[in-house]
Amino acid sequence: MSNWPEWFLEALRQRFYQLELAGEQNASCSSEDKNLFTQMDQFKINQTEDIQHLLSEWEESIGYQLSQDKQSIYIEGVKDGIRLILPVIQPTNIR
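Residues numbered from 1 in each chain as written. Predicted model: local features only at pLDDT ≥ 70, side-chain atom pairs only at ≥ 80, totals over all residues. Heavy atoms only, no water.

### Some remarks on the overall build of the chain
Then step 1. Counting its secondary structure elements, the chain contains four helices and zero strands.
Then step 2. Listing every helix and strand of the chain by position from the N terminus yields α-α-α-α.
Then step 3. Relative to the compact-globule value of 12 Å for 95 residues, the chain shows a C-alpha radius of gyration of 20 Å, a clear excess of over 25%.
Then step 4. Based on the C-alpha atoms only, the size of the chain along its principal axes is roughly 65 × 30 × 15 Å. (Helix = DSSP H or I, 4+ residues; strand = E, 2+ residues; numbered from the N terminus. Rg over C-alpha atoms; globule rule 2.2 N^0.38 Å.)

### Digging into helix H1 (residues 6–26)
Then step 1. For H1, built from 21 residues, the straight-helix expectation of 30 Å at 1.5 Å per residue is met to within 8% by its first-to-last C-alpha distance of 30 Å.
Then step 2. Within the span of H1, buried status applies to Phe 8, Leu 9, Leu 12, Phe 16 and Glu 20. Take H1 and look down its axis: the buried residues cluster within an arc of 105°, on one side only. Looking at H1, the residues exposed on the side facing more than 90 degrees away from the buried face are Trp 7 and Gln 25.
Then step 3. Summarising the contacts, the buried residues of H1 are in contact with helix H3 (49–89). (Expected span 1.5 Å × (residues − 1). Buried < 20%, exposed > 50% of the residue type's maximum accessible area, 1.4 Å probe, protein only. Arc of directions from axis to C-beta. Contact = heavy atoms within 4.5 Å.)

### Let's talk about the packing of aromatic side chains
Then step 1. Scanning all chains against the criterion turns up three aromatic pairs.
Then step 2. Plain terms: the ring middles of Trp 7 and Phe 8 are 6.0 Å apart, the flat faces sit at 85° to each other, and that makes the pair edge-to-face.
Then step 3. Phe 8 sits in the buried class, given a relative accessible area of 15%.
Then step 4. Taken together through their ring pairs, the aromatic side chains of Phe 16, Tyr 17 and Tyr 74 make up a single cluster. (Phe/Tyr/Trp six-rings, centres within 6.5 Å; stacked < 30°, edge-to-face > 60°.)

### With respect to the side chain of Gln 71
Then step 1. Residue placement: Gln 71 occurs in helix H3.
Then step 2. Here Tyr 17 takes part through its side chain, which lies 3.4 Å from a polar atom of the side chain of Gln 71.
Then step 3. Discounting residues that sit within four places of it in the chain, Gln 71 has contacts with Arg 13, Phe 16 and Tyr 17. (Polar contact = N/O pair within 3.5 Å; in protein donor to acceptor, adjacent residues only side chain to side chain.)

Honestly, that's just the spatial picture; any functional story needs more than this.
Here it is, written out as structure tokens:
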């Protein structure tokens with residue numbers, strides 16, 4: 001069970017993306033989050049266009065990395081769940 005088929009991994013990725021999108025749409029920002037976003041926007045406004053562009057690229061890169069980290073944790077959790085439930089569903093295959 002160590003080699004997971006690519007179609008399975010892709011299905012998990014797509015499900016993760018659906019859950020992540022739903023979570024973002026339903027997320028409510030706390031006042032601390034809103035304050036942080038406001039401060040970042042104000043900081044960016046006071047910078048040159050080149051620095052604004054670099055900051056935007058940095059934000060995008062950080063966001064992508066966080067998404068990849070969350071996806072990896074999600075996929076490992078699903079795999080762990082399968083490893084736990086499979087012996088219960090098919091106990092004769094384990095013996």
